[in-house]
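An overview of the molecular structure
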Amino acid sequence: MCRIISHKTRRTERHDSRTKSLPAGKRSCVNSRLFGAFTLLLLQSHSIGASTDGYLAAQTRYFPQNPLYAEQSEHSASISAELEQYYEVSDAHQIQVKAFGRLDSADSQRSHFDLREAYWLTTIENGSVSVGVQKIFWGVTESVHLVDIINQDDFVEDMDGEEKLGQPMVQLSWTENWGSLQGYLLPYFRSREYPSESARLRFPLIVHSDPVFQSSAGKRHVDWALRWSNYFDIWDIGISHFSGTSRTPLLVPELSGEVWGLRPHYQQIEQTGFEVQATLDATLLKLEAVSVYETGHGRNTAFVGGFEYTLYGLGGSSADLGIITEYQFDDRAGLRQRLSQNDIAAGLRLSLNDFNGTEVLALLATDLDNGNRFISIETERRLNSFWHLGIEARVFSSIDTTSPEFSFHRDDYLQLEIRRYF
Amino acid sequence: MKWNKTIPHLILAIVLSGQAWAVEQNNEKALAIVTESKQRDAGWVDASAEMTMTLFDKNGNSVSRELRTMMLEVADDGDKSLTIFDTPHDVKGTVFLNISRVLEPDQQWIYMPALGRIKRIASRNKSGPFLGSEFAYEDVGSFEIGKYDYRYVELEDFQGKPNHVIEYIPKYENSGYTKLKVWLDTKHLRQSKVEYYDRKDSLLKTLLLSDYTLYENRYWRANTKTMVNVQNKNKTILATNKLSFGVDFDPATFHRSGMKHQK
């Protein structure tokens, strides 16, 4: 926006006398230029200026059933905060910083801090160059994100694969009539963190914190990725390739001393992804597919596809009801098996389109091989301009005793989160 | 016998065609006025606006949203617009990109900062509420001649000034309206008032346009738009706090790939 105001500034200076009416808003360029001069100082001192956005949140998780393991705690409570700072250094340069932290009563691993974003971006004609920590999302589907690979999952935050750790990178982006092309250099790897022994929603064996890397470069292996995307009429298409350290480790059972644990092994992969969405009248058709070559193992394929149909103006009201169905397939087996190997996910999304932005999303995923069922219901609404309430319920039902999710079978939970934005 | 039957038929045919001719004349007149109005407004190239949208329910409770819109004029097709939400805080940074089309559905994307995700959304929801307000998406989209058929109704005084009253009949099959009744003042051909009729052809909403300001010595813009839903008694006021022309946007501004870095 500052870019726009500043263009406007130059123009008004030339053409009319409205220059004086430039807003004293927090994002006006006049202010931003001043901020820009102090940017490094502010970053170093973690100063919370007037232009900081973010929220503070309190969350509780209530587990109706007793835990499976003696060392697991019953319920949990936590507080979290997210702070976001934006600086417009000049017309073409901006700096974005976003940090997240949580303190959790039951899980020392879930008490964590992460720099979600901290990057400098410069725009040149139809493109941009950015350097620093960023979050990149690829893909179109709802129930599983297959092509999305740049960022590591923030697995202790939520298992849904939508919370991500910040990824250091250099990104080049270019947009022309032939579409949009991005190139990424990823010089540092972020390991996945797993819940601690005292936490609910953990695997039966403890996951060791020091992983094994297939590449001798370890965390410093330089990964790279390319993505082209464009839209034509009703079609949105993306083709991507990633080369580097797999974000999902193999969890290999290992005896250390007299205790069995799981050791994460991060393999080198080449992943080519394809995503397409057709936007029809009230129906979205979606498909994501990946072909993954793992060094020393071979090639695997996975896809997810389905539709989202929306009934607009439900029963003459302004509410919309979306119906989502997706089928998931993944031929990785054994240690490499994914939860989405042969599953159907079906869901309903109700948006009331009211003052308070009330939304409900209910999802049921069924494993067609072992009959495991997972139910998730999320609802959120604004209480007023500053307060926001979110409620989530998750149920693991008819869990097969031999499946990896069996250790969650007593971990149905109800979560309540209240946020105060500022 | 034949003769006797034919004459009344002929007379009827002449009368009917006369009426048809009159209707056609009316329609042509309406089209000419609307075209003239559109032409007077053409050539604005681009603009950016800061707006406050205040929603009132029937009990008088209200809530405000702040948004900024960047607009790009596209000759002979629908315009492009990019809207950034500044409040409410939980959706701050959300970006909405709309590429209007004349008869095909618009292309729309939404960028959700919490997920870092750009999502194409179905534009069937043209008749759906924009930001939970009494404005529908189709009310805030760009006006293109080809979107409607026109019918001249009458000349009527509105707020003491003569106005053409013209019915706009949407050609788009998923429009939420059977017709719009538009009052255009005869002097500047600016919209003074619009009545929206729902699919049952009963009055749904009334829009009053006021605080007209002349920009760049040429373009009239209503800085206050008040939409009243006569059926549920809710009201939305869309106030333009600041409007600038000649912004000269970066080329990637109105492309899907540029949405993420809009601030």
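Just above, that's the structure.
The notes below deal with the structure included here. (Residues numbered from 1 in each chain as written. Chains lettered and ligands numbered in written order. Predicted model: local features only at pLDDT ≥ 70, side-chain atom pairs only at ≥ 80, totals over all residues.)

Some remarks on the overall build of chain B
Counting secondary structure elements, chain B contains 2 helices and 13 strands. The principal-axis extent of the C-alpha atoms belonging to chain B is close to 80 × 40 × 40 Å. A total of 263 residues make up chain B; the buried ones form 37% of that total. (Helix = DSSP H or I, 4+ residues; strand = E, 2+ residues; numbered from the N terminus. Buried ≥ 20, exposed ≤ 12 C-beta atoms within 10 Å, placed from the backbone.)

Topic: the nonpolar core
Residues L146, V147, I150, Y184, A225 and V290 of chain A are the most contacted members of the largest nonpolar core, which totals 18 residues. Sorting the residues of this core by element identifies β7 (179-186), β15 (283-294) and β16 (298-311) of chain A as the ones contributing at least two each. Examining the composition of this core, we find that 3 residues originate from one element, β16 of chain A, more than from any other. Leave out the neighbours within four places in its chain, and A225 of chain A touches I150, Y184, L186, S240, H241 and F242 of chain A. Counting 16 residues, the second-largest nonpolar core is a separate cluster that includes A47, M70, F85 and V247 of chain B. (Core = buried A, V, L, I, M, F, W, Y, C linked by C-beta atoms within 7 Å. Contact = placed C-beta atoms within 7 Å.)

As for unusual backbone geometry
Look at the link from T87 of chain B to P88 of chain B: it is a cis peptide, with omega at 0°. Looking at where P88 of chain B falls in the secondary structure, it is placed in the loop between β3 (80-87) and β4 (95-99). In the Ramachandran plot, N353 of chain A falls in the positive-phi region, its phi being about 55° despite a non-glycine side chain. Examined against the element boundaries, N353 of chain A turns out to sit in the loop between β18 (342-351) and β19 (359-367). Exposure remark for N353 of chain A: the 22 C-beta atoms within 10 Å place this residue in the buried category. Positive phi, close to 65°, is recorded for D201 of chain B, a residue that is not glycine. In this structure, D201 of chain B sits in the loop between β10 (191-197) and β11 (203-215).

Section: the interface of chain B and chain A
Where the parts come together, the accessible area they lose is often given as the size of the interface. Listed per partner, the contact involves 37 residues of chain B and 44 residues of chain A. Elements with a minimum of two residues in the side of chain B that touches chain A: β1 (46-56), β2 (62-72), β3, β6 (117-121) and β13 (235-245) of chain B. When residues of the side of chain B that touches chain A are assigned to their parent elements, the largest contribution, 3 residues, is made by β2 of chain B. Per-class residue counts for the side of chain B that touches chain A are 11 nonpolar, 14 polar and 12 charged. (Nonpolar A, V, L, I, M, F, W, Y, C, P; charged D, E, K, R; others polar.)

Observations concerning the pairing of strand β12 (residues 219-229) of chain B
Residue and element names in this part refer to chain B. Bridge count for β11 against β12 is 10 bridges, and the pairing is antiparallel. Along β12, the bridge assignment pairs L214 with W220. Counted between consecutive antiparallel strands, the loop separating β11 from β12 contains 3 residues, among which E216 sits at a positive phi close to 50°. Bridging between β12 and β13 involves 5 bridges; their strand directions are antiparallel. Residue pairing for β13: V228 is matched across the bridge by K235. Between the end of β12 and the start of β13, which pair antiparallel, lie 5 residues, with K233 showing a positive phi angle near 70°. (Pairing = 2+ DSSP bridges.)

Everything listed here is a matter of geometry and, on its own, says nothing about what the molecule does.
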